[in-house]
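Chains, contacts and geometry: an overview
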Amino acid sequence: MGMKLGIIGYGGMGYWHGEYAPRAGVEVVAAYDVDPKRLEMAKDNGIEAYDNLDEFLKHDGMNFVVIATPNDVHKELTIKSMHAGMHVMVEKPATMSVADWDDMVAESEKTGQILTVHQNRRWDKDYNVMRKVVEEGKIGEVLSIESRVFGTGGAFFGWRSFPEYGGGMILDWGVHLFDQLLGMYPDIKVTNVYAKLMTVLDQKVDDYFKVTLTLENGPLLHVEVGTYAFYKLPRWYVIGNEGTLQIDDFDCEKGGYMKPRYTDTPVAEVVVMTSAGPTRMMAPRPPETKEDFPLPEVETDWTELYQNLVGVMEGKEDLIVKPHQVRRVLELIEVIFQSAEEDRSIEVRI
Ligand code: NAD
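Read on for an overview of the structure. (Residues numbered from 1 in each chain as written. Predicted model: local features only at pLDDT ≥ 70, side-chain atom pairs only at ≥ 80, totals over all residues. Heavy atoms only, no water.)

It is worth spelling out the site of the ligand at this point. As a structural note, the neighbourhood of the ligand is formed by 24 residues, with M13, D33, N71, K92 and N120 the closest of them. Here an oxygen atom of the ligand sits 2.6 Å away from a polar atom, N or O, in the side chain of D33. Note that an oxygen atom of the ligand is positioned 3.0 Å from one of the side-chain N or O atoms of R160. Burial of the ligand by the protein amounts to 81% of the accessible area it has alone, namely 850 Å². Residue composition of the shell around the ligand, grouped by class: nine nonpolar, nine polar and six charged. (Near = heavy atom within 4 Å. Polar contact = N/O pair within 3.5 Å; in protein donor to acceptor, adjacent residues only side chain to side chain. Areas by Shrake-Rupley, 256 points an atom, 1.4 Å probe, with all protein chains shown as cover. Nonpolar A, V, L, I, M, F, W, Y, C, P; charged D, E, K, R; others polar.)

Structure below.
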């Protein structure tokens, strides 16, 4: 049984699915959108286009839909699609509350249809390289992980600038970055959440945020996203008790990890005059007492996500992006909004 995919919301991301799903061997058969211009575009790309949801859902042979609309309508479209016999992959964020997600999962259980979320950034190279260095213990016990994405675009476009449609950076990039980090610690609880959500430009939604998560017997996690930050900081910065990892960007062209090299050269024994003043701890380290390592090579293949869905349809595989993982991220996001609103850290067990 192959996957015959329909696309709901043929905008930026819907178009992406239409172009990329075939690379994973998936047949894209139909698209539904409320914007006639996007439907014209779908037709031009050889996809049968519908302006009526009920008719779209009856498209002959279609068995799977991907939902790539603004976030506020993910829930109703997911439930309607499953009710019509479709398996569903909904774009991130799956929806805007845990209660809504629970309703979507209940419908999936009732109908027996697959329900998953397009958490494609689990396959990003930078994330997998960072994870490999950390999980192989290359920099010892990890104390702090900083995950950061900075851009300079500033203003949001379209629905992304309105809270009622699920705009803002927590629900945009944040969802990916929290999913990545929680995925590394499936059995370790988040015990404390502190979040600052800000608007740098005059907007109704967060265009800059900083979130700090405390893990029970795990590293401190820092996630920062800025849309108006003109100097880049590394995508990843990880401190371990045996070294430090830095990955500058998504392509992993620059970065590495550095560890102490044990030599006879004394470190921090004498006070050194530096531009920071007289210091021992902050003095430059003699080069022979440290060692640079290149980032490891990691093969990632995002088509694994679609291939997994075909495997699940055929009963041969378990879902990679599982409902309980999605729920955990949404639970965290609710607390993030609460922390920001009340301007305090919140104790949790997530
Ligand atoms: P977009 O504005 O480019 O496209 C949204 C499309 O949905 C538009 O064509 C619009 O006409 C259509 N639409 C709006 N309401 C609709 C409705 N009720 N029924 C059918 N169609 C409707 O937005 P986008 O950037 O493509 O984002 C869409 C979704 O994809 C969002 O949930 C977003 O978070 C997600 N997204 C995910 C990634 C990723 O990497 N996984 C990247 C970008 C966007």
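Back to the write-up after that little detour.
The next point concerns the sheet that holds strand 17 (residues 346-347). With respect to topology, nine strands assemble into an open sheet ordered 16-13-12-11-7-10-9-8-17, the strand pairing being mixed. A strand with exactly one partner marks an edge of an open sheet, and here the two such strands are strand 16 (290-293) and strand 17. Bridge count between strand 13 (residues 255-260) and strand 16: four bridges; the pairing is antiparallel. Residue Y257 lies in a different strand from strand 16, and its bridge partner there is F293. (Pairing = 2+ DSSP bridges. Helix = DSSP H or I, 4+ residues; strand = E, 2+ residues; numbered from the N terminus.)

On to unusual backbone geometry, then. A negative phi angle is the norm for most residues apart from glycine, just as the trans form is the norm for most peptide bonds. In the segment running from K92 into P93, the intervening peptide bond is cis, with an omega of -10°. By the element assignment, P93 lies in the loop between strand 5 (87-90) and helix 5 (98-111). Notably, C252 is not glycine yet its phi reads approximately 60°, a positive angle. Judged by its relative accessible area of 13%, C252 falls in the buried class. Located in the positive-phi region is D343, a residue other than glycine, with phi close to 50°. Residue placement: D343 occurs in the loop between helix 9 (323-342) and strand 17. Residue classification places D343 among the partly exposed residues on the basis of a relative accessible area of 44%. (Buried < 20%, exposed > 50% of the residue type's maximum accessible area, 1.4 Å probe, protein only.)

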